[in-house]
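What the coordinates show
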Amino acid sequence: MAKADKRTPDQQKQGAALREEGSKWLARVEAAGKLEKQWMDDAERAVKAYTGETKSDDLSTSATLGNTYDFNILFANVETIVPAIINSPPAPDIRRRFADEDPAAKDVAELIERAIRTQVDDSKLQVELEGEAQDGFLAGRGIIRLRFKSDIVKDEATSDELERASDAAADGAAEEPDSGETAGDAYGAAIQPGASPVERLANECIEFEAVSWRDYRHGPAKRWKGRPWDAFRFVVQREDEDAVFDAGLISIQTNDQEKKARGESDSDLTGWEIWDKGSRKVIFIDDNGVVLKKVDDPLGLTDFFCIPAPVQPIELTGRLMPVNPFSIYSKLADELDLTTKRIRIITNHMRVKGWYPGDAGDIANMLAAEDAEFVPIGNADIWAANGGLSGAVAFWPVEKFIAVLRELYGAREQTKQAIYEITGISDIVRGASQASETATAQNIKTQWGSLRIQKMQRMMERCARDIFVMMAEIIPAKFSHETLQQMTGVQILPTQQDLTPVQPPPPPPQDVQLPPRRNSNTRPRCRRRRKRNSSGRPNWPSFSRSSSF
């Protein structure tokens, strides 16, 4: 009988310790989810109301409220606020805090600003910021994370470099250098004939990703800077498990039966990506508690985490759990929806119908006639004597329905205004106004209606600023000089001409005699002669006396 576990005792001990560590992290993530369960339930209800995914055919009772909205005020509010607070990509402004005379710092600031602008355009930061804002004003929390990606390129030595290395090796065999220097390329990298290609990073870039509020957990804290860990949900195809994660680390945690079950499973691999600030490591754990991989501080940021502080339109001091914005006015939204449903029901019953005597066939023909069609009627004298058609036909009384509808429409407008007051969306922000309003009234509406919008805009500006700060740390540390030079258009690497030493000017020939230098003391002196007047005397200047000084 084959052994059920082929691991050594040391491997089993290490695997048990890793499984215990994974179980502890899963327990922390689960506890964090339970702590925010009330908010998550409210956010899920708001998402269903926004998308109208849940349908119901019974519109006569209030039991269906919250499932589907005939008047989707939540959709209108979110689609109005998001473009108002983020309508263009943010522009970085990197400069020194104090205008000191430091040309080197000025050049570095300009280089980083150009690199950030390129990454913002290439990675479509505005699209991800719009997704973050939508989650923030729909669910209550918007998250955006940064990812550093690059390609691994193998540099192979060229024929010229190999020839130079061979010549240097031949010269070194005849005369051994004392300094221990080896032959290298133009930048000082040692090249050995027949050596394996050197791997380096290339095409570095920063990608932005709006993370769903369902796929994020955080450790307990009162402020965002004090949280001990972050967790992100991940999904990886089962076929990519060996390529993405550490197969050796997984092997020491699972026995043969578990390995076989994992290999035969067709479902995707799901788990949590945990950023532990204490150890400055990223730990990947699947839903069974198996530690898939550990990575040392991948970004090297000061605050370690790969996200800025999340965008939360409603939050309380000392508490990180957000508040769902829709839960603030959900009852008014239900009232608005109930009024709309009643308008719909009453409108369906408002039809032109009535009754007439059963033996009046001429009236039946008239009622069945089309528009602008006249039909003959018999015994017209009898009908005229008995009051005509008004006395023979009775119509369904729609006047009562019209009065009720008028009141319902008025109540719906009042409910909408109450919702606008709570959400801070004024009619001037929506572009709707009355023609009778004066310019002063319009300015007042603009001033007061934009107060909350300005607060939301500052919130998004803070998020963009934090992203730029993180990028300013990643780019100098992770990007190669070649990539920076291609992105910014600024020459960073020296060219071959710069590396070529400048030759001194040739000395003059020895047989050529230079003319003797004239001494300044032997130069002839030029005397300046004064002009003489007609009498032959020098023309001296004349002086006049004055009686006062």
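Here the structure is shown first, and the text comes after it.
The rules behind these values
- Residues numbered from 1 in each chain as written.
- Predicted model: local features only at pLDDT ≥ 70, side-chain atom pairs only at ≥ 80, totals over all residues.
- Heavy atoms only, no water.
- Salt bridge = Lys/Arg side-chain N within 4 Å of Asp/Glu carboxyl O.
- Helix = DSSP H or I, 4+ residues; strand = E, 2+ residues; numbered from the N terminus.
- Buried < 20%, exposed > 50% of the residue type's maximum accessible area, 1.4 Å probe, protein only.
- Polar contact = N/O pair within 3.5 Å; in protein donor to acceptor, adjacent residues only side chain to side chain.
- Core = buried A, V, L, I, M, F, W, Y, C linked by side-chain atoms within 4.5 Å.
- Contact = heavy atoms within 4.5 Å.
- Phe/Tyr/Trp six-rings, centres within 6.5 Å; stacked < 30°, edge-to-face > 60°.
- Lys NZ or Arg CZ within 6 Å of the ring centre and 35° of its normal.
- Pairing = 2+ DSSP bridges.
- Axes fitted to C-alpha atoms, helices over the stretch in contact; angles between N-to-C directions.

Here the focus is the pattern of salt bridges. Here the structure, examined in full by the defined rule, presents 25 salt bridges. With a shortest N-O distance of 4.0 Å, Glu20 and Lys24 are connected by a salt bridge. Here the residue Glu20 and the residue Lys24 both occupy positions in helix 1 (residues 9-35), the gap between them amounting to four residues, near one helical turn. Its relative accessible area of 47% is what places Glu20 among the partly exposed residues. With its nearest N and O atoms 2.9 Å apart, the salt bridge here joins Asp230 to Arg227. Classification of Asp230 as buried rests on a relative accessible area of 1%. Looking at Arg227, the relative accessible area reads 5%, which means it is buried. Taken together, the shared-partner salt bridges in this structure form one network comprising Arg238, Glu241, Arg262 and Asp286.

What follows is about the side chain of Thr488. Within the fold, Thr488 resides in helix 18 (residues 481-488). Looking at Thr488, the relative accessible area reads 7%, which means it is buried. Only 2.6 Å separates the side chain of Thr488 from the backbone oxygen of Leu484, close enough to count as a polar contact. From its side chain, Thr488 meets the backbone nitrogen of Val490 in a polar contact 3.3 Å long.

The subject of this paragraph is the nonpolar core. In terms of nonpolar packing, the biggest core is built from 75 residues, with Leu74, Ile85 and Ile467 touching the most fellow members. Residue contributions to this core peak at eleven residues, all from helix 17 (residues 451-478). Not counting residues within four places of it along the chain, the set of residues in contact with Ile85 comprises Ala133, Phe137, Ile453, Met456, Gln457 and Met460.

Take the packing of aromatic side chains next. Going through the model one piece at a time under the given rule, you end up with twelve aromatic pairs. Ring geometry for Phe148 versus Phe479: centroids 5.9 Å apart, planes at 50°, classification tilted. Residue Phe148 is located in strand 1 (residues 143-155), and its partner Phe479 is located in the loop between helix 17 and helix 18; the two are separated by 331 residues in the primary sequence. Centroid distance Phe234 to Phe245: 5.6 Å. Interplanar angle 50°. Geometry classified as tilted. With Phe234 in strand 4 (residues 229-236) and Phe245 in the loop between helix 7 (241-244) and helix 8 (247-251), this pair connects stretches of sequence that are eleven residues apart. In this structure an aromatic cluster arises from ring pairing among Tyr69, Phe326 and Tyr329. One Lys or Arg, Arg227, reaches over the ring of Phe305 and ends 4.3 Å from the middle of that ring. Stacked on the ring of Phe284, the Lys or Arg Lys293 has its end atom at 5.0 Å from the ring centre.

Let us now look at the sheet that holds strand 7 (residues 291-296). A sheet is described by the order of its strands in space; here five strands give the open sequence 3-4-5-6-7, paired in antiparallel fashion. Each edge of the open sheet carries a strand with a single partner, namely strand 3 (216-218) and strand 7. Direction aside, the axes of adjacent strands within the sheet are offset by 20° on average. The sheet contact formed by strand 3 and strand 4 spans three bridges and is antiparallel.

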